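# Observations on chain architecture
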Amino acid sequence: VTGIVHHVEFSPDGSTFVVQHRIEKPWFTSFYDAVGGILRTSVMTGWINGMAWDPQDRWIAFAAREGDVTLYDRKQDTIRLLGRHRNGARTAMFNIAGDLLFTGGGEQEIICWDLHLWQPVLTVRHRSTQLQFRADGEECALITRNALQLCTLERPAACRELAVDLGGSLQHAAISPDGRWL
């Protein structure tokens, strides 16, 4: 790899790696075969603060200095913008199943992105940009400036997306006594 290397991330099977590196002024994101070191593709991307490879090998997440959080689908060679952090995106981490992406930003918040809904579903405001999952995915460690907090991510037992628009200014909702109707 030529230039100054900023990040390296291996694919889940270890056959490929992605590198964020600088050649003179511009920053490049390049993909290499791990066995022979053969360059597969290289794109000028700007400064990427954090990268994470989906454990299911579907996407690579990029947390950009300007704040963009994007997912790159290497098989289809497409990039999708998920959203932005207010003060620059710094870190990226998938959960074990690969259906949630956690990104930390300069505002010291972690955003959880649901990759089925393609939107943020949770913001952790504990003055942190980093977390790490336990190998089994049941718990994670939230790293702050002067503490380490162990957390669990508990999903709702039942959740259903409504397929219809309920109107622009919904104020109240109620569930029937038998729990069948909203």
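A brief structural summary. Keep in mind the model is a prediction, meaning the values are calculated, not measured. (Residues numbered from 1 in each chain as written. Predicted model: local features only at pLDDT ≥ 70, side-chain atom pairs only at ≥ 80, totals over all residues. Heavy atoms only, no water.)

### Let's talk about unusual backbone geometry
Of note, Glu 24 is a non-glycine position whose phi angle comes to about 60°, a positive value. One can find Glu 24 in the loop between strand S2 (16-22) and strand S3 (27-33). With a relative accessible area of 74%, Glu 24 lands in the exposed category. Located in the positive-phi region is Trp 118, a residue other than glycine, with phi close to 60°. Tracing the backbone shows Trp 118 in the loop between strand S11 (110-114) and strand S12 (119-124). (Helix = DSSP H or I, 4+ residues; strand = E, 2+ residues; numbered from the N terminus. Buried < 20%, exposed > 50% of the residue type's maximum accessible area, 1.4 Å probe, protein only.)

### Let's talk about a nonpolar patch on the surface
The grouping of Val 1, Val 5, Val 8 and Phe 10 at the surface amounts to a nonpolar patch, some 350 Å² of accessible area in total. As for its placement among the helices and strands, Val 8 is situated in strand S1 (residues 4-10). (Patch = residues over 30% accessible without salt bridge, like charges linked within 9 Å, V, L, I, M, F, W, Y side chains within 5 Å. Areas by Shrake-Rupley, 256 points an atom, 1.4 Å probe, with all protein chains shown as cover. Salt bridge = Lys/Arg side-chain N within 4 Å of Asp/Glu carboxyl O.)

### Some thoughts on the side chain of Thr 29
Considering the arrangement of structural elements, one finds Thr 29 in strand S3. By relative accessible area, Thr 29 is classed as buried at 3%. The residues contacting Thr 29, other than those within four sequence positions of it, are Val 18, Val 19, Gln 20, Thr 41, Ser 42, Val 43, Thr 45, Ile 48 and Phe 62. (Contact = heavy atoms within 4.5 Å.)

### Describing the environment of Arg 127
By the secondary structure assignment, Arg 127 is in the loop between S12 and strand S13 (128-133). Residue classification places Arg 127 among the exposed positions, given a relative accessible area of 57%. When the C-alpha positions of Arg 127 and Glu 107 are compared, they lie 7.8 Å apart, and in sequence the two are 20 residues distant. Once residues lying within four places of it in the same chain are set aside, the contact partners of Arg 127 are Gln 108, Thr 144 and Arg 145.

### Let's talk about the environment of His 172
Mapped onto the elements of the fold, His 172 is located in the segment after strand S15 (148-152). A relative accessible area of 72% places His 172 in the exposed class. Spatially, the C-alpha atoms of His 172 and His 85 are 31 Å apart, while their sequence positions differ by 87 residues.

### Here we look at the pairing of strand S5 (residues 48-53)
When you tally the buried positions in S5, you get six out of six residues, the bulk of the element. Bridging between S5 and strand S6 (residues 60-64) involves five bridges; their strand directions are antiparallel. Bridging from a neighbouring strand, Gly 50 pairs with Ala 63 of S6. Connecting S5 to the antiparallel partner S6 that follows it, the hairpin turn spans six residues, and Asp 57 within it adopts a positive phi of roughly 65°. (Pairing = 2+ DSSP bridges.)

So yeah, pure geometry; function would need other evidence.
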